[in-house]
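# Residue-level structural notes
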Amino acid sequence: MGLSYLFISHDLAVVNHLADRVAVLYLGHLVEIADRATLFKSPAHPYTQALLDSVPRIGRKRERGAGTIKGEIPSPLYPPSGCVFHTRCPKAQSLCREQSPSLDALPGRPWQHAACHFKE
């Protein structure tokens, strides 16, 4: 039908049912974009991974503190230098504090883009 829509939500279960392509933002910055199946099966950005780990699932036992993102959320008015997620990222290194990563396609997956120096 040639129809497009932009659906904004914090409910990943709803996003999983409605969207064909998903974009993930952190502090207003695009950190990952991919088709729905790829994003939910193989997230590349640490923030996307943490979001998906925090979704409750039937039959999955959660460890205490699992799926939570450590640290304080920075002010969107004064975002941190470099990668906006580096203050809370478990993979952050000095490069992340100094240089903002570009949103690039993953090797072998041109349909999935992530803004991370250490994409998976």
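Placed above this text is the structure.
Okay, so let's go over this structure.

Cut-offs and rules
Residues numbered from 1 in each chain as written. Predicted model: local features only at pLDDT ≥ 70, side-chain atom pairs only at ≥ 80, totals over all residues. Heavy atoms only, no water. 1 Å grid on protein atoms, 1.4 Å probe; cavity = no way out; pocket = protein on both sides within 12 Å on 5 of 7 lines; lining within 4 Å. Points joined across faces, edges and corners; volume = space filled by probe spheres on them. Helix = DSSP H or I, 4+ residues; strand = E, 2+ residues; numbered from the N terminus. Nonpolar A, V, L, I, M, F, W, Y, C, P; charged D, E, K, R; others polar.

### Some thoughts on empty space enclosed by the protein
Inspection of every chain in the model, using the stated rule, returns one cavity of 30 Å³ or more. There is about 70 Å³ of room inside the largest cavity. His-45, Cys-83, Phe-85, His-86, Cys-89, Lys-91, Ala-92, Cys-96, Cys-116, His-117 and Phe-118 together form the lining of the largest cavity.

### Details of the layout of surface pockets
Reported here for the largest pocket is a volume of approximately 790 Å³. If you go around the largest pocket, you meet 22 residues; those closest to its centre are Phe-7, Ile-8, Ser-9, Val-15 and Ala-23. Among the secondary structure elements, those contributing two or more residues to the lining of the largest pocket are helix H1 (12-18), strand S1 (21-26) and helix H3 (46-53). Tallying contributions element by element places S1 first for the lining of the largest pocket, with five residues. Here the residues of the lining of the largest pocket sort into 16 nonpolar, four polar and two charged. Of the voids in this model, the second largest pocket is the one considered here, and its volume is about 160 Å³. What lines the second largest pocket is a set of twelve residues, among which Pro-46, Ala-50, Thr-68, Ile-69 and Pro-90 lie closest to the centre. Grouping the constituent residues of the lining of the second largest pocket by class yields five nonpolar, three polar and four charged.

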